[in-house]
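A look at the structure
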Amino acid sequence: MKKMLNRAKEQKIDSVERLRGGEGEIIRQTLIAPEDSCGKFKMCAKLTLNPGCTIGAHSHMPDAEFCWLLDGELLIQDGGEEHIVKPGDAWICGDGASHYTKNVSDRPATFLAVVVK
């Protein structure tokens, strides 16, 4: 049986350099590991981008990524247009669409990212 509860003190925190060809280091806190997701998630994590950090352009097919900004501000590309997102804003990318994320502010930005199969 898969575990259902992943306490904060047990969550893996690591850093990823140049995620998807982006710039800088992303801090990733895995909330639910793929093997504990009943086969539903490729990733369920809280991501933190420091100022100047980016996640490079990438597409989602056949999966999809849902994001929800918790703190800070980010510049995202959605449908070929750039948008500034603020805390509480949510976005999704799937069906082969491409997106990228940049922290163009002067403070860290943190968001929930869930990639579903």
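The preceding data block contains the structure.
The structure contained in this document is the topic of the report that follows. (Residues numbered from 1 in each chain as written. Predicted model: local features only at pLDDT ≥ 70, side-chain atom pairs only at ≥ 80, totals over all residues. Heavy atoms only, no water.)

Moving on, we get to unusual backbone geometry. The residue after methionine 61, namely proline 62, is reached through a cis peptide bond having omega 5 degrees. Within the fold, proline 62 resides in the loop between strand S4 (54-59) and strand S5 (64-71). Even without being glycine, arginine 20 reaches a positive phi, approximately 55 degrees. Assignment of secondary structure puts arginine 20 in the loop between strand S1 (13-17) and strand S2 (25-30). (Helix = DSSP H or I, 4+ residues; strand = E, 2+ residues; numbered from the N terminus.)

Ordered in space as S1-S2-S3-S10-S5-S8, the 6 strands form an open sheet in which the pairing is antiparallel. Edge strands, defined here as strands with exactly one partner in the open sheet, are S1 and strand S8 (90-93). Sheet twist, expressed as the average angle between the axes of neighbouring strands with direction ignored, equals 25 degrees. Bridge count for S1 against S2 is 5 bridges, and the pairing is antiparallel. (Pairing = 2+ DSSP bridges. Axes fitted to C-alpha atoms, helices over the stretch in contact; angles between N-to-C directions.)

Time to look at the environment of phenylalanine 41. Its place among the elements puts phenylalanine 41 in strand S3 (residues 41-49). The partly exposed category is assigned to phenylalanine 41, whose relative accessible area is 22%. Through-space distance from the C-alpha of phenylalanine 41 to that of glutamate 65 is 9.7 Å; in sequence the pair is 24 residues apart. (Buried < 20%, exposed > 50% of the residue type's maximum accessible area, 1.4 Å probe, protein only.)

Mapping isoleucine 55 onto the fold places it in strand S4. Since its relative accessible area comes to 5%, isoleucine 55 is described here as buried. Placed 48 residues apart in sequence, isoleucine 55 and asparagine 103 show a C-alpha to C-alpha distance of 9.1 Å. Leaving out residues up to four positions away in the same chain, isoleucine 55 has contacts with Leu19, Arg20, Gly22, Ile26, Leu47, Leu49, Tyr100, Thr101 and Phe111. (Contact = heavy atoms within 4.5 Å.)

With that settled, consider a nonpolar patch on the surface. On the surface, Phe66, Trp68, Leu70 and Ile92 cluster together into a nonpolar patch covering about 380 Å² of accessible area. Counting residues per element, the nonpolar patch draws most heavily on S5, which supplies 3 residues. Within the fold, tryptophan 68 resides in strand S5. (Patch = residues over 30% accessible without salt bridge, like charges linked within 9 Å, V, L, I, M, F, W, Y side chains within 5 Å. Areas by Shrake-Rupley, 256 points an atom, 1.4 Å probe, with all protein chains shown as cover. Salt bridge = Lys/Arg side-chain N within 4 Å of Asp/Glu carboxyl O.)

So, about the nonpolar core. Leu47, Leu49, Leu69, Leu74, Trp91 and Phe111 are the most contacted members of the largest nonpolar core, which has 15 residues in total. Elements with a contribution of two residues or more to this core: S3, S5, strand S6 (74-78) and strand S10 (109-116). Setting aside residues up to four positions removed in sequence, tryptophan 91 forms contacts with Glu65, Phe66, Cys67, Leu69, Leu74, Ile76, Val85, His99 and Phe111. (Core = buried A, V, L, I, M, F, W, Y, C linked by side-chain atoms within 4.5 Å.)

Backbone-to-backbone hydrogen bonds pair the strands of a sheet. The strands run either parallel or antiparallel. In spatial order, the strands read S4-S9-S6-S7; together these 4 strands make up an open sheet with antiparallel pairing. Here the strands that pair on one side only, and so sit at the sheet edges, are S4 and strand S7 (81-85). Across the sheet, the mean angle separating the axes of adjacent strands is 15 degrees when strand polarity is ignored.

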